[in-house]
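Here's the letter readout for the chains.
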Amino acid sequence: MSLLEIPRPSAPQSAVEATPRRLLRWLSPANGLWVAMRETPTGDDFAGFVELVQGEFRAHDGQGTFLGAFESRESGRDAIEGAAR
């Protein structure tokens, strides 16, 4: 038995260009703190933060709502990006 790879049609170029790379811009003003900013027509808007506390990456959205404690910074960032959509 052999594996056969069936080529998939590639996405049209316009669909690829229309997909944003990242919803938020991340800054790190201090060790263990990552702040998310969203660009708006009127300027930057605070979207949330991830803070390293006792080995956990704690995520809060732009209104200060606790989104959870995560094992990795990336997981915390993903939670904020999901809440910001």
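As the structure is a computational prediction, the values presented were derived from the model and not from experiment.

Conventions adopted
- Residues numbered from 1 in each chain as written.
- Predicted model: local features only at pLDDT ≥ 70, side-chain atom pairs only at ≥ 80, totals over all residues.
- Heavy atoms only, no water.
- Helix = DSSP H or I, 4+ residues; strand = E, 2+ residues; numbered from the N terminus.
- Expected span 1.5 Å × (residues − 1).
- Buried < 20%, exposed > 50% of the residue type's maximum accessible area, 1.4 Å probe, protein only.
- Arc of directions from axis to C-beta.
- Contact = heavy atoms within 4.5 Å.
- pLDDT = per-residue confidence, 0-100.
- Core = buried A, V, L, I, M, F, W, Y, C linked by side-chain atoms within 4.5 Å.
- Pairing = 2+ DSSP bridges.

> Would you mind going over helix 2 (residues 73-84) with me for this structure?
Think of an α-helix as turning once every 3.6 residues; residues three or four places apart then point the same way. Compared with the 16 Å implied by 1.5 Å per residue over 12 residues, the 17 Å span of helix 2 between its first and last C-alpha is a close match. All of the buried residues in helix 2 are Gly76, Arg77, Ile80, Glu81 and Ala84. Seen from one end, helix 2 has its buried residues packed into an arc of 135°, which puts them on one side. On its buried face, helix 2 is in contact with strand 1 (25-30), strand 2 (33-40), strand 3 (43-53), strand 4 (56-61) and strand 5 (66-70).

> What's the story with the confidence of the model for the protein chain in this structure? I'm lost.
Caution applies to low-pLDDT parts of the model: their predicted coordinates are not meant to be read in detail. For the protein chain, per-residue confidence averages 82 on the pLDDT scale, and residues scoring 70 or more make up 74% of the total. The low-confidence segment residues 13-21 (pLDDT under 50) makes 1 contact with residues lying over four places distant or belonging to another chain.

> For this particular structure, what's the right way to read the nonpolar core?
Where a protein is soluble and globular, its nonpolar side chains tend to be buried together. Core analysis: the biggest nonpolar cluster contains 10 residues, these being Leu24, Trp26, Trp34, Ala36, Ala47, Val50, Phe57, Ala59, Ile80 and Ala84. For this core, the secondary-structure elements that each account for two or more residues are strand 2, strand 3, strand 4 and helix 2.

> Looking at this structure, I do not really get the pairing of strand 2. What am I missing?
Consecutive side chains of a regular strand alternate in pointing toward one face of the sheet and then the other. As paired strands, strand 1 and strand 2 are joined by 4 bridges and run antiparallel to one another. Its bridge partner being in strand 2, Trp26 is matched across the sheet by Ala36. Where strand 1 hands over to strand 2, the hairpin turn is made up of 2 residues, of which Gly32 adopts a positive phi near 80°. When strand 2 meets strand 3, the two strands line up antiparallel, connected through 8 bridges. Directly across from Trp34, in strand 3, lies its bridge partner Val50. Joining the antiparallel neighbours strand 2 and strand 3 is a turn of 2 residues.

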